[in-house]
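# Fold and contact review
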Amino acid sequence: MLRKHDVGGTFFVVGSMAARHPELIRQIRDSGSELAAHSFTHPDLAGTRGWRFDREMHETQLALVGGAGVTTRLFRPPFSSSPEALDDPGYRVVREAGQFGYVSVFTDLDSDDWNKPGVDAIVRNSTPENGEGGIVLLHDAGGDRSQTVAALDVLIPKLQAQGYRFTTVSEAVGLPPGNQPAQDNDTLAGSLLVGLVGVSMVVVTVLKWALIVVGGLTALRLMLLVVVARRHARQRKGVRWGEPVTDPVTVIVPAYNESANIESTVRSALASNHDVEVIVVDDGSTDGTADLVESLGLPRVRVIRQPNSGKAAALNTGIATASHELIVMVDGDTVFQPDTVHELVQPFADAGVGAVAANVKIANRDTFLTRLQHIEYVIGFNVDRRVYDLTRSMPTIPGAGGAFRRSVLRKVGGLSTQTLAEDTDLTIAIGRAGWRIVYQDTAVTWTEAPTTVRQLARQRFRWTFGTMQAMWKHRRAILQRGASGRMGRFGLLHVMAFQIVLPLTAPVIDIFLVYGLLFLNPAETLLLWTGMLAIQAVGGFFAFKMDGERTSALWLLPAQQLVYRQLMYLALVQSMTAALSGIPVRWQRMRRTGFFRQRAARPVAMKTDLPTVDAPAATASVSMTPVSPGRASTVTVDNAVDTVDNRRDRPGPARERWLDVLRAVALARVVLYHTTGWGWLSIVFPAMGVMFAAGGSLATKSMTSRPAVDVVGSRIRRLLPPLWVLGIVLVPLMLLHGWSTVQTGDNGQYVLDWAELLYWIFPIFDPPSSDWSLAVDATAVLWYVRAYLWFVLLTPMLVRAFRRRPVVTLLAPLALVALNTLAGSPLAVLGPVGSGVEDFGIYGACWVLGIAHRDGVLKAMSLRLLLALAAGAIGLGGWWAVTHSTGETDLNDIPLAQALICAGVVPLLLRGSPSMAWLDRTPGLGRLVTVVNSRAITLYLWHNVAIALAVPVNEWLGIPYSIGAYFGMSVLLTAVAVLSLGWVEDIAARRPLQFLPGGPKHDEPRRRPDRNLVGAKS
């Protein structure tokens, strides 16, 4: 449009966009217009200093050099308007830009075209009054600018007819040309920047398409599995294979150093409601496995010893000495239910069935890693077997439970030693021989899963490498006809596509997630990733329901994708590398923890369907609850974990009243600070540091009696519902009040991004707000919810790290915030990710000090040393605050001082543990402290809303303004919110609903009390 009317303009470009589209920059230069800087990423530069400011200016200059070969001296700060609107922070930006040699440019007339008011309105807003000249602000980016283009076609001839001349800013104010040719070294650096940005854009495009392909394959696989697997479940419901199979069964247990669990395995087999003999083949164990079994003196049990020859050889030995035609093979870390063997052999009533796969479940689900394996077994292995069963292409019968006809085993030559996956090799051979292989979901076995990353990696490497060996061995089946061809084309190709190719490409989803969080729109990135996760969650829900499992474990699906998938990817890459290199791979045995033996000795009774094996001195009997067909394990090991902690018949843990008092005082200080704005309160009592420290202490306490994964889940469960209630009220009000979707100089960070509403559901980043004053006040406190969520998720890792390297773990957050401060806040460039990392640095030491308090480290520490260290931290923080404050000192504006002073005050408060017996004897005071702690989340979330409403409510009631009246009404309205909405915390905590907690029945939990979780509310 400017070329059409032969006029020039000054284009203030965003450097990141200029680097993406250098051809446009050259067009602007060639048209005779002027190029100028508008920062590189368009942040609010008033909130940046040092390193970030320098990068914003320098990278923008390089983008202009790389795109057009010119430099500029003109600069317009983001979100700036007229000179009259310049405030102190904005003036600091102008001064710093001047130090870099830039002339800051402001506007006289704002066309308001960003708001799309219509062509006539844009022309009217851009027309100077009284014939005066001026700089007119128009936008050529940020969405549909058709109104702007149309308005220029009217505005230019109109003003030219009135005698106006259009020119560039430099010419208008009498400056030399704003663009000068760049020097050679700058040209090289600029070209490199533009080239790197171009490469990154190509990479992003490839990632997007790869994400679409991988996502489509994943969604298609899950949908197919759910559809086919559900069909299998319906077909098998109440199915009868024929006359009941009552033939005796030989159970073969290959054992190499299995003393940890072998007794449980043997006893559970003997406790079957089917006639069995048990053969334990000791494959050269060095831990006394054979001696242990023989010492039991159990009937119908034989022990065969042989030199170490491998699992396949041990199983072949057992097959050769078996007394019966029907054989069940099971690993030495697996236990049966009473009906497992009977259910497992029933399909042999069909003469065409040659082998049967059991329904293998993870028994030791009490850790994060084993819980993730539990999800994999249910969603992956067991659902896959249903699909394989229907397509008659079962590639693997697991070593943890499978039944075979001995005659079939002999016909296929027994188990081969040519692969590390002897079970897969054998199963494929049976299928190729024309025998049907089925999956019996009612035949449940329980196995011990690896409990360490190293053990898991070794196991999966062996599985993957062995599977690849078996696929290569049977590769010709893909081109053959009949049963062999069916096994090849349905079974082997399925394994190739979904167990090798898809896992190899799946990490692209996580690469895109990380890239999007750092460099793209984090909300949109998370929304896309969450959508993919939701598809998997639907499939997981159906899989868990079909398998009779509790769906509560599915909350770990994000971790399953982010953590577990990477471990499987590394194992797959390692296997492929070993296969391609031809390096010999030996059998790698998993170290057992003796889960079943430990569980048998556990004094607490558990309500569960997991077999409970009698203690060693008992007879060969097992106390178990059978799992009936159709409800495979309606109550499973999850109950074994949960019911230990429920302790419904036990009194709840005693409250730690000193921590209760500290949290109550901290919350009172927060309310007073937000009411009065007195910055000195942050020095007198560092409330946020105390609240984080209490959270860390109580989370660590819970982890001493409950699995860490359950503690994390319970805290998240208790944190989110009160936030959801606030969102249900506030988000619709913000939309009704007018929540702009267009960014301007006035609304800045308050633009509505629909994807960011996801943070109101799960606040991994700060939930968004509109520019409505009430909404701004209400959401100003939500950073704490986000920070607390981060700490909760990281607590297991922090506890582990502190117990290994306490000093390093404590100082790491302080070092992080110190480096960020001294470097000019580079974390700010990372947006919400950077904000989260910075808050972790500021308050991470407090959370770790809470861990130290719970572990007794603070109490064991010399008081003199503790006082000296605390005084040093407080003194250093105070000095930094005094030397880096502008006006009244407020630690909330000085991150490093906040971190140091909190780190100094918190251990002193936690070290002290005065007697609080007087508290509950004081009428009303003890009850008040209990109420504040039990309703802490609600109080914290709603107190700023109450403060914002206090003045208009007082005016409506005719109460004259005073600080006392203002504070009193704020407290009153906060109390109303607590009384009205606090019951949500009871539901979240699974407590009986109470109007005012702390009454006579408050110590009678309805379910899983964990009342010391109040730290989650602070």
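Note that the structure is a prediction, hence the values are computed from the model and not measured. Within each chain, residues carry numbers counting from 1 in the order of the written sequence. Since the coordinates come from a predicted model, pLDDT governs what is reported: local features require at least 70, and pairs of side-chain atoms require 80 or more to be given and counted, while whole-chain, interface and lining totals use all residues. Think of the side-chain values as coming from all heavy atoms in the structure, minus any hydrogens and water.

### Examining the overall build of the chain
Within the chain one finds 38 helices and 18 strands. Summary of the burial criterion: residues with accessible area below 20% of their type's maximum are buried, those above 50% are exposed, and those between are partly exposed, where the area comes from a 1.4 Å probe applied to protein chains only. Per-residue burial over the chain gives 53% buried out of 1018 residues. Pairs of residues are marked as contacts when any of their non-hydrogen atoms sit within 4.5 Å. Contacts in the chain between residues far apart in sequence, at least 24 positions, make up 78% of those at least 6 positions apart. To be clear on the numbers: accessible area is Shrake-Rupley with a 1.4 Å probe, and residue cover counts the displayed protein chains and nothing else. Summing over all exposed atoms, the chain offers an accessible surface of approximately 43,900 Å²; the carbon and sulfur share of this is 61%. Helix and strand assignments come from DSSP, with helices taken as H or I runs of at least 4 residues and strands as E runs of at least 2, each series counted from the N terminus.

### Structural notes on the pattern of salt bridges
Should a side-chain nitrogen of Lys or Arg be within 4 Å of a carboxyl oxygen of Asp or Glu, the pair is scored as a salt bridge. Inspection of every chain in the model, using the stated rule, returns 33 salt bridges. Note that E549 is salt-bridged to R365, the shortest N-O span being 3.0 Å. Of this pair, E549 sits in the loop between α19 (522-546) and α20 (557-581) while R365 sits in the loop between β14 (353-362) and α13 (368-391), placing them 184 residues apart in sequence. Each member of the pair, E549 together with R365, is buried. The shortest N-O distance in the salt bridge between D986 and R991 comes to 2.9 Å. There is no split in this pair, since D986 and R991 are both buried.

### Considering the packing of aromatic side chains
Stacked, tilted and edge-to-face pairs are distinguished by plane angle, under 30 degrees for stacked and over 60 for edge-to-face with tilted covering the rest, among Phe, Tyr and Trp rings (Trp via its six-membered ring) whose centres lie within 6.5 Å. All chains considered together, the criterion is met by 22 aromatic pairs. Relative to F542, the ring of F541 has its centre 6.0 Å away and its plane inclined at 75°; by these criteria the two rings are edge-to-face. Exposure remark for F541: the relative accessible area of 38% places this residue in the partly exposed category. On the basis of an interplanar angle of 80° and a centroid distance of 5.5 Å, the ring pair of Y759 and F765 is categorised as edge-to-face. On the basis of relative accessible area, Y759 is assigned to the buried category, the value being 3%. Residue class for F765 comes out buried when judged on its relative accessible area of 5%.

### Quick look at a positive patch on the surface
A contiguous patch of positive charge, built from R392, R481, R486 and R489, is present on the exposed surface. Given the relative accessible area of 36%, R486 is considered partly exposed. Residues enter a patch when their relative accessible area is above 30% and they make no salt bridge; the linking distance is 9 Å between like charges and 5 Å between nonpolar side chains (Val, Leu, Ile, Met, Phe, Trp, Tyr). Neither His nor the chain ends is counted toward charge; the positive residues are Lys and Arg and the negative residues Asp and Glu. To locate a charge, the coordinates of NZ of Lys, CZ of Arg, CG of Asp or CD of Glu are taken.

### Considering the sheet that holds strand β15 (residues 402-405)
At least two bridges found by DSSP between two strands is the condition for calling them paired. If you trace the eight strands from one edge of the open sheet to the other, you get β11-β10-β9-β12-β15-β14-β16-β13, paired in mixed fashion. The outermost strands of the open sheet, each flanked by one partner alone, are β11 (301-306) and β13 (334-336). Between one strand axis and the next, the sheet turns by 30° as a mean value, whatever way the strands run. Across six bridges, the pairing between strand β10 (residues 276-283) and β11 is parallel. Across the sheet, residue V281 finds its bridge partner in β11, namely I304. Interaxial angle, 0 to 180 degrees, is taken between N-to-C directions of lines fitted to C-alpha atoms, where a helix line uses only the stretch in contact.

### Here we look at the packing of helix α15 (residues 422-432) against helix α17 (residues 482-505)
Where α15 meets α17, the closest approach of the two axes is 7 Å, and the angle between their N-to-C directions is 135°. Taken together, the axes of α15 and α17 are oblique relative to one another. Contacts from T427, I428, G431 and R432 of α15 reach α17 at A483, S484, M487 and L492. Residues of the contact of α15 with α17, tallied by class, amount to four nonpolar, three polar and one charged. If an angle is under 35 degrees, it is roughly parallel; if it is over 145, roughly antiparallel; if it lies from 65 to 115, roughly perpendicular; otherwise it is oblique. Note on residue classes: Ala, Val, Leu, Ile, Met, Phe, Trp, Tyr, Cys and Pro are nonpolar, Asp, Glu, Lys and Arg are charged, and everything else, Gly too, is polar.

### Here we look at the environment of G134
Among the secondary structure elements, G134 is positioned in the loop between α5 (119-125) and β7 (136-137). With a relative accessible area of 44%, G134 lands in the partly exposed category. For the pair G134 and D108, spaced 26 residues apart in sequence, the C-alpha separation works out to 5.5 Å.

### Let's talk about the side chain of R386
Among the structural elements, R386 can be located in helix α13. By the criterion applied in these results, polar contacts are pairs of N or O atoms within 3.5 Å in which, for protein atoms, one can donate a hydrogen and the other can accept it, and in which residues neighboring in sequence qualify only through two side-chain atoms. A distance of 3.5 Å separates the side chain of R386 from the backbone oxygen of M546, its partner in a polar contact. The residues contacting R386, other than those within four sequence positions of it, are A229, H232, A233, Y439, D441, M546 and D547.

### Focus on the nonpolar core
One finds M688, F692, W760, W847, Y940 and L941 to be the most contacted residues of the largest nonpolar core, which totals 92 residues. Residue contributions to this core peak at 12 residues, all from helix α28 (residues 782-804). Within this scheme, the nonpolar core is defined by two criteria: the residues are buried Ala, Val, Leu, Ile, Met, Phe, Trp, Tyr or Cys, and they are joined through side-chain atoms within 4.5 Å. Membership of the second largest hydrophobic core comes to 42 residues, among which are L554, L557, Y759 and W790.

### Side note on α28
Taking 1.5 Å per residue, 23 residues should reach 33 Å; α28 reaches 33 Å between its end C-alpha atoms and fits that length. The largest bend along α28 measures about 55° and falls at T795, with the proline P796 one to four residues further on. Expected span of a helix: the number of residues minus one, times 1.5 Å. Note that the bend at a residue is defined as the angle between axes fitted to the seven residues ending at it and the seven residues starting at it.

### Notes on the side chain of T445
Position of T445 relative to the elements: it lies in strand β16 (residues 436-447). Overall, T445 belongs to the buried group, its relative accessible area being 0%. Of the polar contacts made by the side chain of T445, one reaches the backbone oxygen of A400; its length is 3.0 Å. Beyond its immediate sequence surroundings of up to four residues, T445 is in contact with T334, V335, F336, T340, A358, N359, V360, K361, A400 and G401.

### Notes on the confidence of the model for the chain
You can read pLDDT as the predictor saying how much it trusts each residue, on a scale of 0 to 100. On average, the chain scores 85 in pLDDT, and the residues at 70 or more come to 89%. Here helix α22 (residues 637-646) stands out as the least confident element of the chain, with mean pLDDT 34; strand β12 (residues 326-329) is the most confident, with 97. Counting interchain partners and residues more than four positions distant, the pLDDT-below-50 stretch residues 613-654 has 110 contacts.

### As for a negative patch on the surface
Negative charge collects at one region of the surface, where E84, D108, E129 and E132 lie side by side. Tracing the backbone through its elements, the reader meets E129 in the loop between α5 and β7. The exposure class assigned to E129 is exposed, which follows from its relative accessible area of 60%.

### Some remarks on helix α37 (residues 963-981)
If you check α37, its first and last C-alpha atoms are 27 Å apart, about what 19 residues at 1.5 Å a residue would give, namely 27 Å. On its buried side, α37 packs onto α23 (657-676) and α36 (936-957).

### Description of the pairing of β12
Neither face of β12 is open: one carries L326 and V328, the other I327 and M329, and all of them are buried. Sheet topology note: the strand β9 (residues 249-255)/β12 ladder contains four bridges and is parallel. Pairing of T250 across the sheet is with I327, part of β12. With four bridges joining them, β12 and β15 adopt antiparallel strand pairing. Across the sheet, residue V328 finds its bridge partner in β15, namely A403.

### Quick word on unusual backbone geometry
The phi angle at R300 is positive, at roughly 60°, despite the residue not being glycine. By the secondary structure assignment, R300 is in the loop between α10 (289-296) and β11. What makes R300 partly exposed here is its relative accessible area of 42%.

### Structural notes on the environment of P806
Inspection of the secondary structure puts P806 in helix α29 (residues 806-822). By relative accessible area, P806 is classed as partly exposed at 36%. Taking C-alpha positions, P806 is 9.5 Å from V857, a pair spaced 51 residues apart along the chain.

### A short note on the environment of V951
Looking at the secondary structure, you find V951 in helix α36. Accessibility expressed as a relative area gives 28% for V951, which makes it partly exposed. Residues V951 and Y966, 15 residues apart in the sequence, show an inter-C-alpha distance of 6.4 Å.

### Some words on the packing of helix α16 (residues 453-473) against α17
For the pair α16 and α17, interaxial distance at closest approach is 11 Å and the crossing angle is 145°. Seen from above, α16 lies across α17 with left-handed handedness. Residues T467, M468 and M471 of α16 form the contact with α17, whose own contacting residues are L492, V495, M496 and I500. Tallied by class, residues from the contact of α16 with α17 come to six nonpolar, one polar and no charged. Left-handed describes a crossing whose near helix is turned anticlockwise from the far helix through less than a right angle; right-handed describes the clockwise counterpart.

### Notes on the state of the cysteines
A pair of cysteine sulfur atoms is labelled a disulfide when the two atoms are within 2.5 Å. Within this structure, the stated rule accounts for zero disulfides. Looking at the unpaired C846, the closest cysteine sulfur is the one in C902, lying at 4.5 Å. Taking relative accessible area as the criterion, C846 reaches 0% and is therefore assigned buried. A relative accessible area of 0% means that C902 is categorised as buried.

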